[in-house]
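Structure assessment
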Amino acid sequence: MAFKRMFRFPGDFPDSVSAQVQLPIRLGGFGLVSASTIARAAFLGSIGVTAFDVSSRFRGAPWMPQGGPAALLDLPWLRAAVPALAAISEVVGPSFSLPSLQDFLSRPQVRLQQRLTDQLHKFRFNELFKSLPPDSRARARLLSCQRPLSSGWLSAIPSSDSKTLNNFQYRHAVAGCLGIALPHATVSQRCICGGEVDNFGDHFYVCHTGRERVTRHNNMHNFFVRILAEADVPSNVEVSLHSLGITPPDDNPNNQRMDIYCVIDGSDYLLDVTVAHPCRPDNSPIPFHRTVNRRGAQLPGGKAAQLAEKDKIDKYGPITQAAGFRFVPLAAETFGRFGDKTMDFLKMLAKRKPRLTSIPMEEYTAFRESIVNHWSQLLSVELMKHNAFQVASRAQRAAAARGPRRASAFPEDFVSRGPYRPHTSPAAGL
Ligand SMILES: [Zn+2]
């Protein structure tokens, strides 16, 4: 409830929204994990680390139960684990082997809380996934909110402009990822292309009229240029394939250039950025839209980014390789999930970052992960900014085409009012 008020969304939320919000970020949620979900795991985790310690240190002490190892099983705080184990076993099922009381006493249960919590979250995710209709937009959206690299906008600390969303952009990102209808998307029933618009802005993400898509693409590739620079790799943008001695795949003017050319450790790289939209309105009359939803809704997800990578590789892979280049497609889905090739590329770049002598060797892996994390936040925040712009701008165009009064129907939702500003009065109940 507090969450709904905080974002001032109109209408009621379906149950699936609160279920998704409570999932960890890596599973497509917002990480607002419910205490009741993890309380038992935390309790058992704490017994897992203390029971062995107590039994090995204090066995035989006058205040401990007497009568050998079996008597220890009667310790009241150990007995309290029994109902907790039973309750968790009911949720995680027989495939996860839970420790017995004897196991608790005979060896420390390393990372038990984390392993149990992982299982519980997986269970909650599966429950949510199964509750959404097969091949639906909702399933495709949920899978597209998962890693790799998605949700950087949620974890980014707004320390600079490039990691800050304003209120409008933030609400837009929240609504997009949770499948909440955008009131401004349908202010006009038809786009200027004549296509029917929908509650979630799907049409505006795929419509080819207007320049908003191009702006988003160009800004995303500028962020890859910045990332390369942070890894000490100079790069050149919008490079003509002819100038590199590569024959373009065809005569299409869009296919004559490559987004980024750079040299990494003596190898020539060509990078091309693309953003694919993984879902379409469920009730779309266009048969192809159902195909898109079907693909997007299959576990483990990421199909749209994967297909976008494949399209790019089919088009540019052979011709660039023949000329001695390495080609990397940088493919994202609208909700922020990137293809595996981007992930591999960023990991490779992170390895180039020199290790500061203040960072011990054993923390180097964590250091590299933090760099990839920082980059994922840059990319994710940028993508969310442009998603908000794209939908709002296209909706406003559509409304303006129907008369000036329609354009001001939802001023608060349309207008990006500068930087983040806190609400002047907190919503009641927070
Ligand atoms: Zn359109």
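Residues numbered from 1 in each chain as written. Predicted model: local features only at pLDDT ≥ 70, side-chain atom pairs only at ≥ 80, totals over all residues.

Focus: the nonpolar core
In this structure, Leu 271 and Ala 395 are the most contacted members of the largest nonpolar core, which totals 78 residues. Looking at this core element by element, the count peaks at 12 residues for helix H17 (residues 364-401). For this core, the two domains that each supply at least three residues are domain 1 (34-131) and domain 2 (151-414). Leu 44, Ile 47, Phe 104 and Leu 112 belong to the second largest nonpolar core, which has 11 residues in total. (Core = buried A, V, L, I, M, F, W, Y, C linked by C-beta atoms within 7 Å. Buried ≥ 20, exposed ≤ 12 C-beta atoms within 10 Å, placed from the backbone. Helix = DSSP H or I, 4+ residues; strand = E, 2+ residues; numbered from the N terminus. Domains from an automatic or database assignment.)

So, the domain arrangement of the protein chain
According to the domain assignment, the protein chain consists of domain 1 (34-131) and domain 2 (151-414). Put simply, the middle of domain 1 and the middle of domain 2, counted by C-alpha atoms, are 44 Å apart.

Some remarks on the packing of helix H13 (residues 212-230) against H17
Two elements in contact, H13 and H17, have axes separated by 9 Å at closest approach and are oriented at 170°. Taken together, H13 and H17 sit at an angle that is classed as roughly antiparallel. Handedness of the crossing formed by H13 with H17: right-handed. Each of Glu 212, Arg 213, Thr 215, Arg 216, Asn 219, Met 220, Phe 223 and Ile 227 in H13 lies in contact with H17, whose residues at this interface are Trp 375, Leu 378, Leu 379, Glu 382, Leu 383, His 386, Phe 389, Gln 390, Ser 393 and Arg 394. Split by residue class, the contact of H13 with H17 holds 8 nonpolar, 5 polar and 5 charged. (Axes fitted to C-alpha atoms, helices over the stretch in contact; angles between N-to-C directions. Parallel < 35°, antiparallel > 145°, perpendicular 65-115°, else oblique. Left-handed = near helix turned anticlockwise from the far one by under 90°. Contact = placed C-beta atoms within 7 Å. Nonpolar A, V, L, I, M, F, W, Y, C, P; charged D, E, K, R; others polar.)

Looking at the sheet that holds strand E2 (residues 257-264)
Taken in spatial order, the 4 strands of this open sheet run E1-E2-E3-E4, and their pairing is mixed. Of all the strands in the sheet, just strand E1 (235-240) and strand E4 (326-333) have a single pairing partner and so form its edges. Direction aside, the axes of adjacent strands within the sheet are offset by 35° on average. As defined by bridge partners, strand E3 (residues 267-276) adjoins E4 across 8 bridges and the pair is classed as parallel. By the bridge assignment, Asp 272 is partnered in E4 with Pro 329. Packing of H13 onto the sheet brings it into contact with E1, E2, E3 and E4, and relative to E3 it is tilted by some 145°. (Pairing = 2+ DSSP bridges.)

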